Structures are given as structure tokens and as C-alpha cells.
Amino acid sequence: MANRDTRNTETFGAGARVQVMLPLPIAGPYDYRVPADLTVGSGSFVEVPLGSRRANGVVWGPGGHDIEETRLKDIEAVLDVPPMPAAMRAFVDWVADYTLYNPGAVLRMAMSVPDALHPPRPKTVFARSAQTPGDGFRMTPARQRVLEEAADGPPRSAADLARAAGVGTSVVKGLAAAGLLDVGQATFGPRWPVPDPKWPGPELSVEQGGAAARLVASVGAARFAVSVLDGVTGSGKTEVYFEAIAAALEAGGQVLVLLPEIALSAQWLARFEDRFGARPAEWHSDLTQATRRAAWRAVADGTIRLVVGARSALFLPFENLGLIVVDEEHDASYKQEEGVVYHARDMAVVRAQLGECPIVLVSATPSLETMTNVQRGRYGYLHLPHRHGTASLPDISAVDLRADPPPRQAWLSPPLREALCEVLGAGEQAMLFLNRRGYAPLTLCRHCGHRLHCPRCTAWLVEHRLSRRLQCHHCGYGAVLPGSCPECGAADSFAACGPGVERIAEEAAALLPEARIAVVASDTVRGPAAAAEVIRRIVDHEIDLLIGTQIIAKGHHFPMLTLVGVVDADLGLSGGDLRAAERTFQLLYQVAGRAGRAERPGRVLLQTFQPHHPVIEGLLSGDRDRFLEAEAADRKARHWPPYGRLAAVVVSGRDVGRVEAVAAGLGRVAPSGDGIETLGPAPAPLSLLRGRHRRRLLVRTRLDIDIQGLMRHWLGQIKVPGGVRLHVDIGPYSFL
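The notes below deal with the structure included here. (Residues numbered from 1 in each chain as written. Predicted model: local features only at pLDDT ≥ 70, side-chain atom pairs only at ≥ 80, totals over all residues. Heavy atoms only, no water.)

Some remarks on the sheet that holds strand β28 (residues 561-566)
Inference 1: Here 6 strands make up an open sheet; going across it, the order is β19-β29-β28-β20-β27-β26 and the pairing parallel. Two strands lie at the open edges of the sheet, namely β19 (395-400) and β26 (517-520), each paired on one side alone. Each strand axis lies, on average, 20 degrees off the axis of its neighbour in the sheet, ignoring direction.
Inference 2: With 4 bridges connecting them, β28 and strand β29 (residues 603-608) associate as parallel partners. If you follow G565 over to β29, its bridge partner there is L605. (Pairing = 2+ DSSP bridges. Helix = DSSP H or I, 4+ residues; strand = E, 2+ residues; numbered from the N terminus. Axes fitted to C-alpha atoms, helices over the stretch in contact; angles between N-to-C directions.)

Encoded structure:
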């Protein structure tokens, strides 16, 4: 596979003027001069003077600013790291242009590990020398163990050698002083095993084989193409796209796989290792800084052939991308809401196009945006309508809570209680799903009705009984439950209102005292290691009842899990979010898909007050396409995405007067006209967030209108005072 990303490179010699992009929130690159002793190329990482300090940046191309020669400063050094590929530089520019953020702010995401721009520092290492102990040298058992360890294997640091021999580092250093160990310098870093594309994989079904063949052909064509792999839960989509990965690796390309919950991907990683004989390189926030540093450099120099990562992996400096896979492409966590606001699925398609490589979008519940692109002929489509092997889709039924309400002060209905007892009595496993962390979403005083709220946000404090804390899920503020009401002074008057997963676990433990119960949520399972241990316990049947939030909804395969109970199927259906119905359908469909994935049949009970809601009816009928058609018709009638364009602006600051003044100013010059509508300004649903007051405006346009150009012109008319920020979101997913 040819390296596509080295095209369009230029070299600049002494005296040349070049543009250097800096990873700072600035409008564009600065001009610098190449000194007599240097040669730089497009994409070279360089060190340049910036005011009174030095900064690292990337050569973006020939100089283009009208600056006097005498004012130009020289590049000070070229850094010892492979240059940023042309496709990556084009990607930075494209993302900046699309999102309306400065290219320097986007570049900062591509230079997220500054230490990686410098080679690792060498460390002192020790190895067995050829010298033998002299007369008078006392050979102790500890010294002997060190010499035996040093004779076997590569040179190691004093700490590593001492640890292997079970001694202190002073023993190692004493042997070196005696000449029995040679002392040298070496660099260390993680080892990146190479996945073997020829490693034997599982036998595919006819359906899987046909889909895999088309993906392999797309990889072989070595050009941009988007394929949507749509298959019911348990249909074996992962094994299908593994074949495309094997083809890309065999052709010499690099591969990027994006997962929405990389910290909870233990089963995916195990399946990958079974298929390719080695674990992939990972990229997510739980890695140590040293591992991130080494991984970034190894991606840049091509040592790492495959990365599985969260959305930020999209900005790694791949030199030769041969394939991108976006698993669970519908997942809302691909949308970055902080800093530069972007949707990783959509930007991954752009990255594939700029790198001229194929991309696969994978889901059991593809987003309406993706399916619309399929219908318009922009994306190819592959469908796996059946579960793999002998497994069948679970039976889904609704529990009408109006007819079968739970007992007083309880949340599990009689039908669900009966099903739990039956399944666990048969030695099988069950899952209760509630997408709400903690014990209770609201705590109020029984005497005066005072509600405990976050002092920094327009949000109630959530009680977490396991940690004995009240917490804001928006800003992280925490406090202990007060002994008396701060409003009326009543002692011990607070009552928990509504259920979270901890409260459901309390009820389940009372109902099933012998059951082994685990609560799985983002605040109870922290990091990949903890997640892998929970999954192991479930697979090994050390857990009977799993109670959790959306992090257990996708991708996991538990053969003995035959019952899924959704405690509140109506939870996501309100709130004014244009994607509320679609998102709830996707989430519940994925949750339901955890049941009956092996030989034992599965069933799903949806507790609801709205059994005739289109989402619930769509799940009960199993007619996903009919639901999507109705959802599409509703969006199209109101010109909502993907049948119109949206852009949001949030004005925020600590001074509410300044915030309202800027928002009002934007409202006065807001865009309008044929096919253009501006809503607001209005207080955001979270009108106070992290101590900042917030006002929202929303622009809706037809598809044929350049919304970025419209927004640039509009926002350019307002001078924003200090202390006030404008947060721009093209294609918003969150409306808080």
C-alpha cells in the first residue's frame, strides 16, 4: 500500500520564509525565516521564538504574510520527530473551517503530547560483563541472583534488575563498581506487538462472509469509500470488519478503530487478540503520560500498525492510514462538547477522504444521519439481519406501570420481580438497566420542601449513598449530606426522591437476598482494569444480577444473561431534544440486545407509562426501519437535521449583565431570510454551569445554505468583552 500522506511536501532552505502553525488559540500561522544552518519541510515540527519564550509548532507551508524582513525571527530548531503528514495538516484546516474554531486550537489536539516531540531520554542500564570475580570478592546469594538475571536478557535499569532478582538497587550498583556488570545507556518504552493478519480467524457464516468480502474489496481498492455495516445485536459485525482490518494490515497500511467506551472494551480487546495474536495499541485518557508519549511517536513513525481508541485518537499523526472503523457509530459520546466542538464520526469520514482510505461505520442502530446518506447514495450499505449461530433475538414486552405499578416506595413492578426470581432461580443471569447514576436524583426536605442544589450549576445534587456524598453530575461539585435543612433548620429531614442504580440495587438485594449483585456505572467502575475485572466476573458467573447505566448497554457478550429489565423506559423521551426519541430507541435496542446471545433464549421487559409511544411500539414490534421512517418524516416536516442545518451559540460568563448584553446584541443582528431562522437568545436549560451564566441562540437553515459563512459574518459583527465566551457548536447534539 503506497504511503498516501507524503504527497504535496515542500522543502525550504536557508533564508526562506515559511508559515509555522502554533498549537495556540490564534487565527492562523506566523511567518518565520529558515536560518543558514537548517533545512525544513512542510510538516516539520520546529521550535520557534514567541515573545519572550519558545514554542513548538508545525511548518505549514511557504510564508504568506506581508511582514518586513527585519521583523522576521529565525526558526531555532527542527525537532527529531517525523513530520506531520500532509493529510493531517489538511484535516486540521478542514476541522477548523467547519467548526469555526481557530486552526491553532485544532492543532493543539494533534499535538496533545508535547513531550512526544523529543526523543526519550536514555537511562542507565546494566548487563553482565565478561569479568570474573577477583580474589577477596565475597559472592553472596543476592549478588549471585543479580548476575544470573543480568546474564539472561537485554540490559536493564538498576530498578528492573533488582526487582527481578529480589534485591535492593545497592546490590546492582555494587556489582557494577566491582566491574561485574557493564554500565551503558539505552532508551526504554512500551513494546508494540504487531498484529498478524494471517492469524486464523473464526469461520464466518454466509451472511458474514459476503459482507466481509465487500469490505476487503473496498480496502483493496485503496481509495476513499464509506461502508455502513448494519447488523442486529449479536450478528457478528466485529468479526466481519476484522477481515477488513486484516486486509489493510496485510497491504501495509495503518488502521484506526474508534470505540465510544474504550475504558470498557475488555471483551473487544480479547476478541482482537484471539483474532490477530496480539493486543492492539490503545489510546484513551486512562493511559499514563509515558505510554501516551511513546504511542504518539510510534504512530508517527509507523511502528504502531493499529490503534483502538476514543475520539481523540482521530488526531494521532498516522503516516499511512489504510482503514478507519467507527464502531457504534450512532453513539452520542462521539460528540466532543468541550474545547473544539466536533463529532468524531463525521470528522472520521473527512479524515478518510483526505487520506484516500476506506472507512466503515458500524452499528446495530445506525443514526438517522448515516441512513440518510445511505439513501442518498453517498454511503455503501451492508446488512446482517440475523444473529450468528443458534442465538435468536430476545422477546421484548412492555410492563404498563399504570396497570402493574410497583409496591409503595419501590421501583420494580410485579412482572419484573417475578421474572427476576424465575431467571436467577434457574441459575441464569439478569440485568437491570437505569440510565441514572447514584442513589437518588433529588434530595429534599420533608418539612419545607427545600431541594439541595449545586451552588455552581442549575442542577440538583445527586445522592451517592455508596460514597456517602452529594454530587453534581455537571461540574463535579461534591458535599456531604447536611444534618439539618439549610432553609428551615429541621434535623434529619431529607428524603431521597426517585431512583438511581444504587437505589435499585438496594431494592433488588431485599428481593433477592442470596443474589450476587454488582452496580456498574461510570462512578463505580473507574478505568479499563476495573472494567475488565467486572466483565470477567460476569462471564465467570460470579455475578447473578447486573445493575447499571448506559456503559453496559453496548457490545458486551454474556452467554448466561437471559433477562434484561429496563426500569424506566420513558426516561429519555422528554426534554425537548430533537434526537430524544431516536437516542432512546438506540439505547434501549442496544440494552435489549444483551439478552439471549447464546443458546438460551432471552427476554426483555420494558417498564413504561407510555406503552403506545412510537419508541416503545417500535421496540415491541421489532420494526426498526418503520420507526426510523416515522422519525425521518417528523424531522423532515420541521426541517431538523439531517434535513436542515443547525448551529448553536452559547454566551457565557460570570457577570450575568455582560452575558445578557452580548446575547442581546447577537439577537439584534441575528441572521434571517429565506430558509434561515434564529431562535433566542434565551436562558439555557442549564442557565448556570460551573459558576458561569449561560444564554443560548440557535440558527436553523436549509441544507443548501452555507451555515459556516453565515455564522462567521454574524459573529464578526459583535465585539465580545473580556470575561465573556462564545461557544459555537455546528450541528449540536446537546441542548443544555
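Things to note about the packing of helix α3 (residues 141-151) against helix α4 (residues 158-165)
Inference 1: Contact geometry of α3 with α4 gives a least axis separation of 9 Å together with a crossing angle of 115 degrees. Between α3 and α4, the crossing angle belongs to the class labelled roughly perpendicular. Of the two elements, α3 crosses α4, and the hand of that crossing is right-handed. Where α3 abuts α4, its residues R145, V146, E149 and A150 lie against L161, A164 and A165.
Inference 2: For the contact of α3 with α4, the class distribution of residues is 5 nonpolar, no polar and 2 charged. (Parallel < 35°, antiparallel > 145°, perpendicular 65-115°, else oblique. Left-handed = near helix turned anticlockwise from the far one by under 90°. Contact = heavy atoms within 4.5 Å. Nonpolar A, V, L, I, M, F, W, Y, C, P; charged D, E, K, R; others polar.)

Regarding the pattern of salt bridges
Inference 1: Evaluation of the coordinates by the stated rule reveals 35 salt bridges.
Inference 2: Residues R345 and E329 are paired through a salt bridge, measuring 3.3 Å at the closest nitrogen-oxygen approach. Of this pair, R345 sits in helix α10 (residues 344-355) while E329 sits in the loop between β14 (321-326) and β15 (335-336); the two residues are 16 residues apart in sequence, bridging distant segments of the chain.
Inference 3: Overall, the relative accessible area of 2% leaves R345 in the buried class.
Inference 4: Residue D540 pairs with R536 through a salt bridge whose shortest N-O separation is 2.9 Å. (Salt bridge = Lys/Arg side-chain N within 4 Å of Asp/Glu carboxyl O. Buried < 20%, exposed > 50% of the residue type's maximum accessible area, 1.4 Å probe, protein only.)

Concerning the packing of aromatic side chains
Inference 1: Under the counting rule described, the total for this entry stands at 12 aromatic pairs.
Inference 2: Between F242 and F276 the ring centres are 5.6 Å apart and the planes differ by 70 degrees, which places this aromatic pair in the edge-to-face class. Of this pair, F242 sits in helix α7 (residues 237-250) while F276 sits in helix α8 (residues 266-276), placing them 34 residues apart in sequence.
Inference 3: Residue class for F276 comes out buried when judged on its relative accessible area of 1%. (Phe/Tyr/Trp six-rings, centres within 6.5 Å; stacked < 30°, edge-to-face > 60°.)

Structural notes on the environment of Y589
Inference 1: Tracing the backbone through its elements, the reader meets Y589 in helix α15 (residues 580-592).
Inference 2: For the pair Y589 and T365, spaced 224 residues apart in sequence, the C-alpha to C-alpha distance is 7.6 Å.

Topic: a positive patch on the surface
Inference 1: On the surface, a cluster of positive charge is contributed by R376, R378, K636 and R645.
Inference 2: Considering the arrangement of structural elements, one finds R376 in the loop between α11 (368-375) and β18 (380-384). (Patch = residues over 30% accessible without salt bridge, like charges linked within 9 Å, V, L, I, M, F, W, Y side chains within 5 Å. Areas by Shrake-Rupley, 256 points an atom, 1.4 Å probe, with all protein chains shown as cover. Lys, Arg positive; Asp, Glu negative; His and termini not counted. Charge placed at Lys NZ, Arg CZ, Asp CG, Glu CD.)

Considering the sheet that holds strand β5 (residues 45-50)
Inference 1: Across the sheet, 5 strands lie side by side as β3-β2-β6-β5-β7; this open sheet has antiparallel pairing. Every interior strand has two partners, whereas the edge strands, β3 (30-33) and β7 (77-78), have only one.
Inference 2: The strands that helix α1 (residues 86-99) touches are β2 (17-21) and β6 (53-62); relative to β6, the one it contacts most, it runs at about 100 degrees.

Describing the pairing of strand β21 (residues 442-445)
Inference 1: Going residue by residue along β21, you find L442 and L444 tucked away on one face and T443 and C445 tucked away on the opposite face as well.
Inference 2: Where β21 meets strand β25 (residues 494-497), 4 bridges bridge the pair, whose relative direction is antiparallel. Looking across to β25, one finds that L444 is bridged to A495.

Here we look at the nonpolar core
Inference 1: Core analysis: the biggest nonpolar cluster contains 59 residues, and W296 and V307 have the highest contact counts within it.
Inference 2: For this core, the leading source of residues is α10, giving 6 residues.
Inference 3: V307 has contacts with V255, L256, V257, A281, W283, V299, A313, L316 and F318, leaving out every residue within four places of it along the chain.
Inference 4: If you look at the next biggest cluster of nonpolar residues, it comprises 42 residues, including F433, V566, A595 and Y643. (Core = buried A, V, L, I, M, F, W, Y, C linked by side-chain atoms within 4.5 Å.)

As for α10
Inference 1: The terminal C-alpha atoms of α10 lie 16 Å apart, and with 12 residues this matches the ideal 16 Å at 1.5 Å per residue to within 8%.
Inference 2: Burial runs high along α10: 9 of the 12 residues are buried.
Inference 3: Every buried residue belonging to α10 is among A344, R345, M347, A348, V349, V350, R351, A352 and G355, and all of these are buried.
Inference 4: One or two positions beyond α10, positive phi appears at E356, with a value near 55 degrees. (Expected span 1.5 Å × (residues − 1).)

Brief notes about the side chain of T370
Inference 1: Of note, T370 is situated in helix α11.
Inference 2: Not counting residues within four places of it along the chain, the set of residues in contact with T370 comprises V228, E329, R345, L361 and Y379.

Details of the environment of A116
Inference 1: With respect to the element layout, A116 can be found in the loop between α2 (103-110) and β8 (123-128).
Inference 2: Separated by 182 residues in sequence, A116 and A298 place their C-alpha atoms 9.6 Å apart.
Inference 3: In contact with A116, not counting residues within four places along its chain, are V81, R293, W296 and R297.

Section: the state of the cysteines
Inference 1: All told, the structure shown has 0 disulfides when counted by the stated rule.
Inference 2: In this structure C497 is not part of a disulfide, and its nearest cysteine sulfur, from C445, lies 11 Å away.
Inference 3: For C497, a relative accessible area of 25% puts it in the partly exposed group. (Disulfide = S-S within 2.5 Å.)

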